[in-house]
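Each chain, written out:
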Amino acid sequence: MTLRPAGCASRPPKRDLLSLFDLGAETIRALVDRALELKRLRGRGEQPQPLRGRTIGMIFEKASTRTRVSFEVAAFELGGHAVYLSPQGTQIGRGEPLRDTARVLGAYCHAIVIRTYGQQVVEEMARFAPVPVINGLTDLLHPTQVLADLMTVEELRGPGALQPGRLRFCWIGDANNMAHSWMNAAALLGLDLSLAHPWGRDPDAEVLRRAQAEASRTGARIVLGHDVVAAAAGRDVLSTDVWASMGEEPESRAEQDRLRQRFAGFCIDEELMRKAAPGAMVLHCLPAHRGEEITDAVLEGEQSAVFVQAENRLHMAKALLEHFVCPG
Ligand code: CP
Ligand code: NVA
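Because the structure is a prediction, the values reported are computed rather than measured.

## Here's the deal with the sheet that holds strand β5 (residues 168–172)
One open sheet holds the five strands; their spatial order is β7-β6-β5-β8-β9, and the pairing between them is parallel. Two strands bound the open sheet, and with one partner strand each, they are β7 (221–225) and β9 (281–284). Strand-to-strand twist in this sheet, taken as the mean axis angle between neighbours without regard to direction, amounts to 20°. Bridge analysis of β5 against strand β8 (residues 237–240) gives four bridges, and the strand direction is parallel. Within the sheet, the bridge partner assigned to Cys 170 lies in β8 and is Leu 238.

Structure below.
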């Protein structure tokens, strides 16, 4: 005799957001449109409440300001509730198996947002949790941030800005989780993306392989290299991120020196902006290290969309919660 409750088998399969490939181009465009609509509604004081009576579990094994707060506020403003779980404050930090945590939280919550190290951790969470799991950043990917970035481009460059052939995108910096999710987005949407990353910091081979395979289907152009000026020349949207991601920060003076040497020249400064397309937009997911990957003048300058981008995390979090928690 099974102890599984009757009716479970007939539930529709739940969906997760572990990578932008879980969404596909059509859903990405729909989420961007919906997030823009939710932003307009909030501006008019009209707030839909589809999450009434629903709770979002928030597991964060790394620091976060934007992701954590935007999802918590999004849940609240949509009429729901968010529960924050730190590893130290829960049994996760004492080694309770993830698969047990996933099933228990899945019994209480209607979705789980998780920020952690390995992509395999979010995959295991999704396998065992009976509710949608949203990747709030891993070492490999940061899909919710890149969705807000795409929304920002559409908002500031107008409808159709994300159509193939409209804008030329560029990534300057580490081939990290953000770069990987940008490669996924470009591949899926058929965008033209050039990346300049330092020697010795190559993108993940499987992420690159899958992006190039998808690009050959959608007509996307994804070009990698080490020349910052070549990557930025004539580009409409320039994006960057910290030289050292969470968990990879240099600890000794020697490691700091090596990082500086490796990333020398990987900085969006005013001189590089002059090489980009006139009026090019600058994005940075934040937090930023002014004077390293971006200068203060560029971050605070007229071409910076960074704080619109940060605000848009909230509207995109709402669109995602609606989509995953209240489908249909
Ligand atoms: N950009 C971003 O994900 O910021 P947090 O680390 O503050 O969440
Ligand atoms: N690449 C950065 C992104 C922070 C939002 C990191 O993983 O630390």
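Past the structure itself, the notes keep going.
## What to know about unusual backbone geometry
The step from Leu 286 to Pro 287 runs through a cis peptide bond, and the omega angle for that step is 0°. With respect to the helices, strands and loops of the structure, Pro 287 is situated in the loop between β9 and α11 (296–299). With a phi angle near 65°, Leu 286 is a residue other than glycine that sits in the positive phi range. Within the secondary structure, Leu 286 is located in the loop between β9 and α11.

Conventions we followed
- Residues numbered from 1 in each chain as written.
- Chains lettered and ligands numbered in written order.
- Predicted model: local features only at pLDDT ≥ 70, side-chain atom pairs only at ≥ 80, totals over all residues.
- Heavy atoms only, no water.
- Pairing = 2+ DSSP bridges.
- Helix = DSSP H or I, 4+ residues; strand = E, 2+ residues; numbered from the N terminus.
- Axes fitted to C-alpha atoms, helices over the stretch in contact; angles between N-to-C directions.

The values reported here are purely geometric and, on their own, carry no functional implication.
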